[in-house]
Protein chains: 2
Amino acid sequence: MELAGVGIDLGGTSIKMGVVTPEGEVIARNEFATPDGPARPAVAELARQVRQLINSTGLPAERIGSVGVGTPGILDPQKGIVRSASNLVGWVDVPLGDWLADALGRKTKVINDAHAAVMGEIRFGTARGIRDLVLLTLGTGVGGAVVVAGQVVVGNRGLAGELGHMRIEMSRPRPCGCGLFGCLEAYAGAKNILKRMHEALADDIQEISLLKEKSKTAPLTVEDLFWAANEGDGIMLGLVDETALALAAGIANLLHALNPKAVVLAGGVSRSPLLVEKVREYLPDLVLNPAYLEDFRLETSGLGPDAGLLGAAAAAMGLSG
Amino acid sequence: MELAGVGIDLGGTSIKMGVVTPEGEVIARNEFATPDGPARPAVAELARQVRQLINSTGLPAERIGSVGVGTPGILDPQKGIVRSASNLVGWVDVPLGDWLADALGRKTKVINDAHAAVMGEIRFGTARGIRDLVLLTLGTGVGGAVVVAGQVVVGNRGLAGELGHMRIEMSRPRPCGCGLFGCLEAYAGAKNILKRMHEALADDIQEISLLKEKSKTAPLTVEDLFWAANEGDGIMLGLVDETALALAAGIANLLHALNPKAVVLAGGVSRSPLLVEKVREYLPDLVLNPAYLEDFRLETSGLGPDAGLLGAAAAAMGLSG
């Protein structure tokens, strides 16, 4: 029997990888900067790091099974091809799965990074065993993944789960980083929250906000927003409120469409208990029927930055199990 | 082998039922007004009509299998219970499945009416064989159903598919009949389209609209809207445009979340080629990536008013097959 699988979280900035047991224990781990330049040598380096990681466990190599990779961008998950990825410059139609399989002599599985994160949640996270689930990742942008009847929804072309680009505003939409308008991400993604913070502070001519001074001397962060709101800063409380309402509206849309048993919030923006509490308060006013909130949990992820590699490993172990 | 199943489309106004072959041929059909009053005698009458319908085929009763019922309201599809239904007065916690099974001596399956319609589409309609599909029913209100990997998504409590109550407007939301605000139905449901027609005509002080005269003497319909828009009525064209944009935004949200291979539009409002064409024109500007529209079809339903009973029969045949 195989003792473990390998999970890789391939990000635009860094690559995290781990050897993971079927119980979700990470028995060896490595993180390094994503290699710049063409894809072929980058994947060769990735394979080298995987071999080294497997060696570092001291386990017989044959007791460690398949390799799962969660990657950003547009994929062909069936063929393991990265079609394009805005965060991986020069990666166009890269047969990542085949290249890794050839270099390592192991089965590989390439999945979307958000799909990997949700697999981590249902296999190892607070949502363990939940068969109908939505994950919303609230980072710089907003991503997500949908699980129906225990299976991650990938869709016809592997493009499902772009929940951050659900449009929630038509008449006065804010621009989103993606080029569209009125997306959930334009209200609940960290980059856009920061933009709204700066706008609000520019309007704060009476210098009421606790962040007015800092904004003149240092870059603001979303953590500043939550700190100031917790201190009772009215302007920042208003922004948290607006963000929570947008999120709650997006979540209500997902409840109506899919009636999940849980929605899990992950990513930096989800780490504000104030925000999450406000989302919980808004939800009852935004659902068609109270039954959507019965036997339902809104949770934050407990897996943190390991979610991606854990989920990629879960996908790999699914291959070999 | 069973030759056919029975499908029932239980509506608030009328009940349609049919004996349906596995190929989707309706070999006997009946339609009658939904009985008023308490549920028990209404279900007894339903059973009597099913027996009569089966007899009318002249087939041996044992060659006709299970009975499927598509019903409105909040259900417990596992137990076959209608929890509540605003269109079926007095139906509270009605064990419809058990009552019918007892009365008929046949297996029964009770499903949501929109879930029945989508089963009709994937089994017998233009979407036959498509495994990732969204149905939007554009009637008085807007309903829907989602199919993922060939299975209708029912969700944790059977409440999935309320696509009409996807919120697409936050800052200036129109009220929806459901009590919420800014729902897709508030823009694309016939009742709300009519409301907007009346508002637009009230604003039409120069009497430009072709419908201005008629609106003073006769009740307007959505067919009037489409007629006038086709004649080039600028005010009505504006309304069709607004409706198409709302629909396209809702569809784009569903593409991003689920990446289906097809979206099927059904119901009266979908029978305007002008509207459907405008939705098609808007979609490319509203998706995150052109890949969502590759290998994708936006279609109108070919099943018409039989979709519900055909899908209920398909669900029933799934039971016995």
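What you are looking at is a predicted structure, and each value in this text was computed from that prediction instead of being measured.

(A) Spatial organisation of helix H7 (residues 222-230) of chain B. All names here are of chain B. Restricting attention to buried positions, one finds in H7 the residues Val222, Leu225, Phe226, Ala228 and Ala229. One side of H7 carries all its buried residues, which in axial view fall inside an arc of 165°. Along its buried surface, H7 packs onto helix H5 (190-203), helix H8 (234-258) and helix H9 (273-286).

(B) Quick look at the sheet that holds strand S5 (residues 74-76) of chain B. Residue and element names in this part refer to chain B. In space, the three strands of this open sheet follow the order S5-S6-S7, with antiparallel pairing throughout. The sheet terminates laterally at S5 and strand S7 (92-94), the two strands that pair on one side only. Strand-to-strand twist of the sheet, defined as the mean angle between neighbouring strand axes without regard to direction, takes the value 20°. Bridge count for S5 against strand S6 (residues 81-84) is three bridges, and the pairing is antiparallel. From the neighbouring strand, Ile74 faces S6, where its bridge partner is Ser84.

(C) Spatial organisation of the packing of H5 of chain B against H8 of chain B. All names here are of chain B. Viewed as axis vectors pointing N to C, H5 and H8 meet at an angle of 145°, and their least axial separation amounts to 11 Å. Relative to H8, the crossing made by H5 is right-handed. On H8, the residues that touch Ile193, Arg196, Met197 and Ala200 of H5 are Ile235, Leu239 and Thr243. Grouping the amino acids of the contact of H5 with H8 by side-chain chemistry returns five nonpolar, one polar and one charged.

(D) Seen up close, the interface of chain A and chain B. Opposite the 41 residues of chain A that make contact, chain B presents 41 residues. Elements that contribute at least two residues to the side of chain A that touches chain B include exactly strand S10 (142-148) and helix H8 (234-258) of chain A. The element that contributes the greatest number of residues to the side of chain A that touches chain B is H8 of chain A, accounting for seven residues. Residue composition of the side of chain A that touches chain B, grouped by class: 23 nonpolar, ten polar and eight charged.

Reading the values: the criteria
The numbers attached to residues start from 1 for each chain and follow its sequence in the written order. Written order decides the labels, with chains lettered from A and ligands numbered from 1. The predicted origin of the model limits local features to residues at a pLDDT of at least 70 and limits the giving and counting of side-chain atom pairs to 80 or more, whereas totals for whole chains, interfaces and linings rest on all residues. Around each residue's C-beta, the other C-beta atoms within 10 Å are counted; 20 or more make the residue buried, 12 or fewer make it exposed, and counts in between make it partly exposed. All C-beta atoms are placed from the backbone. What counts as a helix is a DSSP run of H or I of at least four residues, what counts as a strand is a run of E of at least two, and both are numbered from the N terminus. Directions from the helix axis toward the C-beta atoms define the arc. Think of it this way: build a C-beta for each residue from its backbone, and any pair within 7 Å is a contact. The pairing criterion is simple: DSSP has to find at least two bridges between the two strands. Each axis is a line fitted through C-alpha atoms, taken for helices only over the stretch in contact, and angles between the N-to-C directions span 0 to 180 degrees. Crossing handedness follows the turn of the near helix against the far one: under a right angle anticlockwise gives a left-handed crossing, and clockwise gives a right-handed one. Residue type decides the class: Asp, Glu, Lys and Arg count as charged, Ala, Val, Leu, Ile, Met, Phe, Trp, Tyr, Cys and Pro as nonpolar, and the leftover types, Gly among them, as polar.

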